[in-house]
Structure formats: structure tokens, C-alpha cells
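Structure assessment
Here is how the chains run, residue by residue.
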Amino acid sequence: VDDVMPSIVSITNNMTADYYYFSQEEEGRGSGIIIGKNDDEYLIVTNYHVIADNDRLTVTFSNDTEAPALVKGTDAKIDLAVIAVKQDDIPEETLNYIEVASMGDSDALKVGEPAIAIGNALGYGLSVTTGVVSAVDRKLDQDSVSGTFIQTDAAINPGNSGGALLNINGEVIGINSNKIGGTAVEGMGYAIPISAARPIIEDLMNKTTRTAVAEDER
């Protein structure tokens, strides 16, 4: 956990919610994993539903430093997104602190081996839960997302979405999603396997960062 915490972030999504007779700003919270960097940016993978419909994204690193973020690329079908934080927006002491996460091999997972989840549970800040790999290659087909997932009994609550599921070596084996499975069960959390997500993430990392333009230029 000590080694991995500098690679995990909290994400705040400020959005405008439209109701029948009025609109109001609302705030959603989730998690993300630093999975790479280029000459100008640090790149963070999260769930698509964490950053969907955003007006403004803010990333909070695990040393409590905040920075604005922009969307790099999204894949709503598998519930993945990559966002970017400009290195110029990150204080030097934080640049020296944060790390790119180490990726594991989710294809090599065995049922019963330890699993560690890190994320921004309930928006209170980064916290850690533990359990085991309950099942691999669990096929789910829901309205919001479909695919093959890792099942774990490590607690995955609202705000954990987009955070890391780790093996005992501190390698990322999955991307947690609270949206999968619903709230009617206990001890059944799901994560997108990192081996399946990796080619999608690499494609999203190479997209052009989506910088906002004036309304009349859209």
C-alpha cells in the first residue's frame, strides 16, 4: 500500500444536472490510477461513469494536492476513460512524490489469492480494503456495462469506482467499478481485468486531450 498510494488519485466531477424545471450543479466523486505520462501530462485511468457529463474535473493526489484534469479518451461500453493532468499544474513537490503504477497480469490470477482495493470510498479520501479474488472471468451483461470481470469480496463502495484492485505484490490487476453488480448484494465487487483493459487504455492514452473551446466555436 505504501508503494502504490502515490499512484492513486481521487477525482471530483462537477457537473450540471438538469431537472424538469431547473438545473443545478452537482458533484460526483471517484478514483483513478496514474498509468503513464508524456512530455506534458500525467495520464490517469478511471471509469467512464466517474467523468461522464463533467463541466470540470479535479484530481486530488494522495498527498492532498489538487490539480485540474481534462478528458483524454473514453470507451463507455467497457466503462473506461483516460484523463490528463498537465505537469505545469502540479507542484514540484508533488511531481517528486507521485508514481506511475505497476501493471500486473490479470490472466494469471487464481481464485482465493489476496486482493487489495484502494479508492476514494464515499468521497472521504483514499482508503484500503482487502479480500480475495472470488472469481475470474465472471461474465456480466447489464444495461450500463457488459463484459468479463474479476469478482472480489474486498469492499468496493461508491467513490471506489476507477480505483485499483491490486495483487499481493502491489501490481494493478483490475480497475474497480461500483456500478457493476448493484447494491442489493454484499461481498460481491467487480473490477475490469487489467490485461483486457490494457490495449484499450493504450489507445485512449494516445488521443488528443479535449480542451474546452468557446460555445460559438463548438
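Residues numbered from 1 in each chain as written. Predicted model: local features only at pLDDT ≥ 70, side-chain atom pairs only at ≥ 80, totals over all residues. Heavy atoms only, no water.

Details of the sheet that holds strand S2 (residues 23-37)
Inclusion rule: Pairs of strands are assigned from DSSP output, requiring at least two bridges between the strands. By definition, any uninterrupted DSSP run of H or I lasting at least four residues is a helix, any uninterrupted run of E lasting at least two residues is a strand, and each is numbered from the N terminus. Here an angle of 0 to 180 degrees is reported between the N-to-C directions of two axes, which are lines fitted to C-alpha atoms, with helices fitted over the stretch in contact. Residue contacts are defined here by distance: any two heavy atoms, one from each residue, within 4.5 Å place the two residues in contact.
Taken together, the six strands give a closed barrel; going around it, the order is S1-S2-S3-S6-S5-S4, and neighbouring strands pair in antiparallel fashion. The average angle at which neighbouring strand axes cross in this sheet is 40°, direction not considered. Sheet analysis places strand S1 (residues 8-18) next to strand S4 (residues 54-61), joined by seven bridges and oriented antiparallel. Counterpart to Thr12 in the pairing with S4 is Thr58. Running at roughly 40° to strand S6 (residues 80-86), helix H3 (residues 194-205) makes contact with S2, strand S3 (41-46), strand S5 (66-75) and S6 of the sheet.

Some points on the nonpolar core
This is how the line gets drawn: Take the buried Ala, Val, Leu, Ile, Met, Phe, Trp, Tyr and Cys residues and link them wherever side-chain atoms come within 4.5 Å; each set so joined is a nonpolar core. A 1.4 Å probe rolled over the protein chains alone gives each residue an accessible area, and that area as a share of the maximum for its type sets the label: buried under 20%, exposed over 50%, partly exposed in between.
In terms of nonpolar packing, the biggest core is built from 29 residues, with Ile33, Val45, Leu80, Ile175 and Ile201 touching the most fellow members. Those elements that place two or more of their residues in this core are S2, S3, S6, strand S7 (114-119), strand S10 (164-166), strand S11 (172-177), strand S12 (189-193) and H3. A per-element tally of this core places H3 first, with five residues. Judged by nonpolar contacts, the second largest core, of 18 residues, contains Ile11, Leu57, Ala67 and Ile98.

Side note on a nonpolar patch on the surface
Rule in force here: Without a salt bridge and with relative accessible area above 30%, a residue can belong to a patch; like charges are then joined within 9 Å and nonpolar side chains (Val, Leu, Ile, Met, Phe, Trp, Tyr) within 5 Å. For accessible areas, the Shrake-Rupley method is used with a probe of radius 1.4 Å. Any residue's cover is judged against the shown protein chains and nothing else. Only one rule defines a salt bridge in this text: a Lys or Arg side-chain nitrogen within 4 Å of an Asp or Glu carboxyl oxygen.
Taken together, the side chains of Tyr19, Tyr20, Tyr21 and Phe22 present a nonpolar region at the surface, about 650 Å² in accessible area. On the secondary structure map, Tyr19 appears in the loop between S1 and S2. Residue Tyr19 is classed as partly exposed on the basis of its relative accessible area, which comes to 41%.

Overview of the side chain of Asn14
Where we set the bar: In protein, a polar contact requires one atom able to donate a hydrogen and another able to accept it; more generally it is a pair of N or O atoms within 3.5 Å, and residues adjacent in sequence count only if both atoms are side-chain atoms.
With respect to the helices, strands and loops of the structure, Asn14 is situated in strand S1. Of note is the side chain of Asn14, whose polar atom sits 3.4 Å from the side chain of Glu27. Contacts of Asn14, omitting those with residues within four sequence positions, involve Glu25, Glu26, Glu27, Asn54, Asp55 and Arg56.

Here we look at a negative patch on the surface
Here is the rule we go by: When charges are tallied, Lys and Arg are placed among the positive residues and Asp and Glu among the negative ones, while His and the ends of the chain are skipped. Charge positions come from single atoms, namely NZ of Lys, CZ of Arg, CG of Asp or CD of Glu.
Taken together, the side chains of Asp39, Asp40, Asp88 and Asp89 present a region of like negative charge at the surface. Assignment of secondary structure puts Asp39 in the loop between S2 and S3.

Digging into the layout of surface pockets
Here the idea is plain: a probe the size of a water molecule rolls over the atoms and shows the empty space left. Selection criterion: Think of a 1 Å grid over the protein atoms and nothing else: a 1.4 Å probe that fits but is trapped marks a cavity, an open set flanked by protein within 12 Å on at least five of seven lines marks a pocket, and residues with an atom within 4 Å of a point count as lining. Grid points are joined across faces, edges and corners, and a volume is the space filled by probe spheres set on the points. In this classification, the charged set is Asp, Glu, Lys and Arg, the nonpolar set is Ala, Val, Leu, Ile, Met, Phe, Trp, Tyr, Cys and Pro, and all remaining amino acids, among them Gly, are polar.
Of the volumes computed, that of the largest pocket is approximately 360 Å³. Around the largest pocket sit 21 residues that line it, and Asn54, Ala69, Leu70, Val71 and Arg210 are the ones nearest its centre. Those elements that place two or more of their residues in the lining of the largest pocket are helix H1 (48-51), S4, S5 and S6. Residue contributions to the lining of the largest pocket peak at five residues, all from S5. Of the residues belonging to the lining of the largest pocket, the class tally is 11 nonpolar, three polar and seven charged.

Section: the sheet that holds S12
Ordered by their spatial adjacency, six strands build a closed barrel running S7-S8-S9-S12-S11-S10, and the pairing between neighbours is antiparallel. Taking the axes of each pair of neighbouring strands and ignoring which way they run, one obtains an average angle of 45° across the sheet. The pairing of strand S9 (residues 146-152) with S12 spans three bridges and is classified as antiparallel. Bridge pairing in S12 places Ile150 opposite Ala191.

Treat this as a map of the structure, not an account of what it does.
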